[in-house]
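Spelled out, the chains give:
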Amino acid sequence: MIDKPRGPFRYGDRVQVTGPKGRMHTITLREGGELHTHHGVLAHAQLVGQPDGSVVENSAGHEYLALRPLLRDFVMSMPRGAAIVYPKDAAQIVVQADIFPGAVVVEAGVGSGALSLSLLRAVGPEGRLISFERRAEFAEVASANVETFFGELPPFWEVREGDLAEELPRAVEPGTVDRVVLDMLAPWEVLPAVADALTPGGVVICYVATATQLSRTAEFLRGLGAFTEPDANETMVRGWHVDGLAVRPDHRMVAHTGFLISARRLAPGAVPPEVKRRASKRSYTDEDLEIWTPGGVGDREITDKNLRKRIREAEKARDGARIAAASRAADGTDA
């Protein structure tokens, strides 16, 4: 089992330090390293050997709280090659899809690895996660981020480059996959392959950005006749300010990030009961859909230069994690 690092801070550890006014910095401890801010300098050496949750002073006497990042903290601060699945949505995916220890799970696409981290924790070493990604650069960033967080690449994780519709039949036997998680522009294009791979009763859950993508995915699921009636929802999280009797909602919140739509695989040959609905206009064309896809509304792609920078950042953090893991192995302490 891959455990979260414990014990005193070591060189190579990723540490979250919070200073004056609540400003948070995430750093990788390195020999001779320093955190420079407007409030002074904090040497990395001051943190090495300190327990998790320690408070240290920088050169100007300002206090900093040092903690190892939680999964949600790591995800929000890690290098990104592609947009991430936010922790609030990852949590819902794990619960709504019922990702359990020992499950065989397929994921597409892997993006920056944010969702992969939650899925790997959920399936555990008895399970298996197969992640598909079309772009090699994104797969590289995701692999580095996962290794940084766990301290090693989980042996029960496999990253495959290529199109899910083509590669999935080569990766798994029909009817052997428990759960499929799709985070992609056009999930309906791969649903026939997903239906073949899923075991009866298995779950497919799709993360889509726009209402039109949501509609098309739902109609395609219904049209296949291989799934139960799809269920769709979105999750919004609103923080609260709590200080004595001053209790109110925060002025800012993480509202819409995407929709989740899920359905379960029917047994071969089973015909789903007809669902009675009010008559509605369902006709649409590909031109109608293109207007509201991320490409149609001008969703910006990451540039090659920016992506190369993110890859370097992810590899730098991964190298630090390797140093910390080697140090723990040499001392015989828990990793």
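Residues numbered from 1 in each chain as written. Predicted model: local features only at pLDDT ≥ 70, side-chain atom pairs only at ≥ 80, totals over all residues. Heavy atoms only, no water.

J.: Hey, could you run me through the sheet that holds strand S5 (residues 54–57) in this one?
T.: Either a parallel or an antiparallel arrangement is found when strands of a sheet pair, and the pairing is made through backbone hydrogen bonds. If you walk across this open sheet you meet the four strands as S2-S1-S6-S5, and the pairing is antiparallel. Each edge of the open sheet is held by one strand with a lone partner, namely strand S2 (24–28) and S5. When the angles between neighbouring strand axes are averaged without regard to direction, this sheet yields 30°. Of the pairings in the sheet, the one linking strand S1 (residues 14–18) to strand S6 (residues 63–67) comprises three bridges and is antiparallel in character. Bridge pairing in S6 places Thr18 opposite Leu65. (Pairing = 2+ DSSP bridges. Helix = DSSP H or I, 4+ residues; strand = E, 2+ residues; numbered from the N terminus. Axes fitted to C-alpha atoms, helices over the stretch in contact; angles between N-to-C directions.)

J.: Just checking my understanding: could you explain a nonpolar patch on the surface for this structure?
T.: A cluster of nonpolar side chains, contributed by Val55, Leu65 and Leu67, occupies part of the molecular surface with about 220 Å² of accessible area. Its location among the elements puts Leu65 in strand S6. On the basis of relative accessible area, Leu65 is assigned to the partly exposed category, the value being 34%. (Patch = residues over 30% accessible without salt bridge, like charges linked within 9 Å, V, L, I, M, F, W, Y side chains within 5 Å. Areas by Shrake-Rupley, 256 points an atom, 1.4 Å probe, with all protein chains shown as cover. Salt bridge = Lys/Arg side-chain N within 4 Å of Asp/Glu carboxyl O. Buried < 20%, exposed > 50% of the residue type's maximum accessible area, 1.4 Å probe, protein only.)

J.: Explanation requested: the packing of helix H3 (residues 114–123) against helix H4 (residues 136–150) in the structure shown.
T.: Angle between the axes and distance between the axes: these two values describe a pair of packed helices. Taken N-terminus to C-terminus, the directions of H3 and H4 make an angle of 50°; their axes are 10 Å apart at the nearest point. As far as their axial angle goes, H4 and H3 are oblique. Along this stretch, H3 crosses H4, giving a crossing that reads as right-handed. Residues Ser116, Leu117, Leu120 and Arg121 of H3 lie in contact with H4, whose contacting residues are Val146, Phe149 and Phe150. Here the residues of the contact of H3 with H4 sort into five nonpolar, one polar and one charged. (Parallel < 35°, antiparallel > 145°, perpendicular 65-115°, else oblique. Left-handed = near helix turned anticlockwise from the far one by under 90°. Contact = heavy atoms within 4.5 Å. Nonpolar A, V, L, I, M, F, W, Y, C, P; charged D, E, K, R; others polar.)

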